[in-house]
Amino acid sequence: MTKEVENMMDKIVSLAKRRGFVFPGSEIYGGLANTWDYGPVGVELKNNIKQAWWNFFVKNREDIVGIDAAILMNSKVWESSGHVAGFNDALIDCRACQARIRADHLIEDALEMKAEGLTPKDMTKIIVENKIKCPVCGKIDFTEARKFGLMFKTFQGVTEEDKNIIYLRPETAQAMFVNFKNVLNSTNKKIPFGIAQIGKSFRNEITPGNFIFRTVEFEQMELEYFIDEKDWEKLFEYWQNEMANWLDHIGIKKENYSIREHDKDELSHYSKKTIDFEYNFPFGTKELYGLAYRTDFDLMNHQNASGQNMEYFDVENNRKYIPHVLEPTFGVDRTFLAAMVDAYTEEEAPTGDGKTETRVVMKFAKNIAPIKVAILPLSKKEELSGKAKEVFDLVKTEFNSQYDESQSIGKRYRRQDEIGTPYCVTVDFESLEDGAVTVRDRDTMKQERVKIEELVKWLKKAF
Ligand code: GAP
């Protein structure tokens, strides 16, 4: 990692903490590996991402409906889906310093090659043959790579026996498959149609996660699109475009991501074709989203294991079949991180006395900006704060707004820039005379005088 790149991540993590986007999980007790808490500004950004996704993929379409299923599911779901047997990472231990490392990551970082799909035995061989060093202590003394399950286990009931084991879901997708018939029967949807869900997933990730990129508890926005097998290729292309349109919708710049198709030996156990949308994070080009053609793998397995019929009846052609599935999948936390990286800007700005200073500004797309408008009285004097609170009351019902009268106006502008607020509205002494306020644009820093009675209309036009 170059110094500049390291700095970029450090700057984002530090801004995230300073301004209330993201805090380390359980911090006062020394933290808990790979957990993070979203703060007052972060929760707004996260909610905006989820709401924008729901509007884009569910509310504004006729062919997709949503569900909100239980996180805990019958263990048979995870046996049928293949997760109990196959959802694991190969880990390797350094005998010298006891560090436990993902074998595929070790190979990928040292040799710059893809290691997905390799068996633990193959990985051990590659590590030994290439004399790969431990990234923690630099020694070459590893154990054999072994597989470790990624699902968190817990117990239902009072006894901790094997028969009571249940899992925290590692993906939201399975709830859409097990509810396929419920949704079909309650909505009368015709194929092609989709079921969407936003919710928490859990994976026992042991390697350091690069801030919120890889965490043990995270949120997914997933979409299972049920299709007739013959249409999979054209619909795959369609969903690839829709995913790119979504990234455009939330302002992620095209030059910052790319699409990569999985090699045959890299494909998940259920997939015939998968592409990743990869984002240029400061720590490397890594998976942001995935689009997989899951065939009829899931519905067929659930039909076989549960004994419940999962067929779809195509009335027009008098034909029964198990639908195939395309799955566009999106991580909420990775979207959040990509949005932070994409928005982070440092630029020279005039200080007002002929000099310039470096301004940090989060140039979020307006639809996901955590706070839309800040109302700032020029001074704390009562007549000004009274007027400013009137303006705040006027605006807050239409736009997520913040009222702030602390510190100098310059410092308040800097704070709003750092949380990416598109418009700051300043109430000054002239406002008491002319009933107008100054609206400052985050990106251009241009200021415009707007009548208070026109303000909501002005802002609606601007957003
Ligand atoms: N249902 C398919 C599925 O879960 P995945 O590629 O394992 O596929 C989908 O996960 C998305 O979930 C990823 O593209 C990523 O955005 C997000 N994701 C996966 N594991 C994650 C983790 N440990 N921390 C944060 N986000 C994660």
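What you are looking at is a predicted structure, and each value in this text was computed from that prediction instead of being measured.

Before going further, it helps to spend a moment on the pattern of salt bridges. Overall, the coordinates contain 39 salt bridges when judged by the stated rule. E347 is paired through a salt bridge with R359; the nearest N and O atoms lie 2.6 Å apart. Taken together, the residues span a long stretch of sequence, with E347 in strand 18 (residues 344-350) and R359 in strand 19 (residues 356-362) at a distance of twelve residues. Given a relative accessible area of 21%, E347 falls into the partly exposed group. On the basis of relative accessible area, R359 is assigned to the buried category, the value being 0%. The salt bridge partner of E347 is K363, with a shortest N-O separation of 3.1 Å. Placement of the pair is E347 in strand 18 and K363 in the loop between strand 19 and strand 20 (373-377), with a sequence separation of 16 residues. Counted as one network, the salt bridges with shared partners bring together E347, E357, R359, K363, R414, D417 and R440.

A few words now on the site of the ligand. Taken together, 20 residues lie around the ligand, and E171, R203, E222, E287 and L288 are the ones closest in. Note that a nitrogen atom of the ligand is positioned 2.9 Å from one of the backbone N or O atoms of T215. A total of 560 Å² of accessible area belongs to the ligand in isolation, and the protein chains cover 92% of it. Looking at the shell around the ligand, the elements with two or more residues in it are strand 11 (217-227), strand 14 (284-295) and strand 17 (324-331). The biggest single contributor to the shell around the ligand is strand 14, with five residues. Looking at side-chain class alone, the shell around the ligand contains six nonpolar, five polar and nine charged residues.

Right, let's talk about the sheet that holds strand 23 (residues 436-441) for a bit. Strand order in the open sheet formed by five strands is 21-20-22-23-24, with mixed pairing between adjacent strands. Two strands lie at the open edges of the sheet, namely strand 21 (401-403) and strand 24 (447-451), each paired on one side alone. In this sheet, neighbouring strand axes are inclined to one another by 25° on average, regardless of whether the strands run parallel or antiparallel. Pairing of strand 22 (residues 423-427) with strand 23, which is carried by four bridges, proceeds in the antiparallel orientation. Within the sheet, the bridge partner assigned to C424 lies in strand 23 and is R440. Against the sheet, helix 13 (residues 409-419) contacts strand 20, strand 21, strand 22, strand 23 and strand 24, and its axis sits at roughly 170° relative to strand 20.

Bringing unusual backbone geometry into the picture now. With an omega of 10°, the peptide bond running from I191 to P192 counts as cis. Tracing the backbone through its elements, the reader meets P192 in the loop between helix 8 (180-187) and strand 10 (193-202). One non-glycine residue, K131, lies in the positive phi region at around 50°. Its place among the elements puts K131 in the loop between helix 6 (120-129) and strand 7 (146-149). Unusually for a residue other than glycine, N318 sits at a positive phi of about 50°.

It is worth spelling out the packing of aromatic side chains at this point. As enumerated under the stated definition, the model contains 32 aromatic pairs in all. Aromatic pair F177 and F226: ring centres 6.3 Å apart, planes at 85°, arrangement edge-to-face. Of this pair, F177 sits in helix 7 (residues 173-178) while F226 sits in strand 11; the two residues are 49 residues apart in sequence, bridging distant segments of the chain. Judged by relative accessible area, which is 0%, F177 ranks as buried. Grouping aromatic residues by their ring pairs yields a cluster made of W53, W54, F56, F57, Y225, Y238, W239, W246, Y289 and F330.

Here the focus is helix 13. Taken residue by residue, helix 13 has R412, Y413, Q416, D417, E418 and I419 as its buried positions. Positive phi shows up at G420, right after helix 13, with a value of about 80°.

If you walk across this open sheet you meet the seven strands as 3-10-11-17-14-13-12, and the pairing is mixed. If you trace the sheet from one side to the other, it starts and ends with strand 3 (64-66) and strand 12 (257-261), each paired once. Going across the sheet, the axis of each strand differs from the next one's by a mean of 25°, ignoring polarity. In this structure, strand 14 lies alongside strand 17, joined through six bridges in antiparallel fashion. Across the sheet, Y293 pairs through a bridge with L326, a residue of strand 17. Strands in contact with helix 9 (residues 232-249) are strand 3, strand 11, strand 12, strand 13 (273-281), strand 14 and strand 17; relative to strand 14, the strand with the most contacts, it is inclined by about 145°.

All of the buried residues along helix 6 are P120, M123, T124, I126 and I127. Summarising the axial view, the buried residues of helix 6 lie within an arc of 165°, below the 170-degree limit, and thus occupy one face. For helix 6, the exposed residues set more than 90 degrees away from the buried face come down to K121, K125, V128 and E129. In this structure, the buried side of helix 6 is in contact with strand 5 (88-93), helix 5 (103-111) and strand 7. With its phi angle positive at about 50°, K131 sits one or two positions after the end of helix 6.

Analysis parameters
- Residues numbered from 1 in each chain as written.
- Predicted model: local features only at pLDDT ≥ 70, side-chain atom pairs only at ≥ 80, totals over all residues.
- Heavy atoms only, no water.
- Salt bridge = Lys/Arg side-chain N within 4 Å of Asp/Glu carboxyl O.
- Helix = DSSP H or I, 4+ residues; strand = E, 2+ residues; numbered from the N terminus.
- Buried < 20%, exposed > 50% of the residue type's maximum accessible area, 1.4 Å probe, protein only.
- Near = heavy atom within 4 Å.
- Polar contact = N/O pair within 3.5 Å; in protein donor to acceptor, adjacent residues only side chain to side chain.
- Areas by Shrake-Rupley, 256 points an atom, 1.4 Å probe, with all protein chains shown as cover.
- Nonpolar A, V, L, I, M, F, W, Y, C, P; charged D, E, K, R; others polar.
- Pairing = 2+ DSSP bridges.
- Axes fitted to C-alpha atoms, helices over the stretch in contact; angles between N-to-C directions.
- Contact = heavy atoms within 4.5 Å.
- Phe/Tyr/Trp six-rings, centres within 6.5 Å; stacked < 30°, edge-to-face > 60°.
- Arc of directions from axis to C-beta.

Interpretation in functional terms is not warranted from these geometric data alone.
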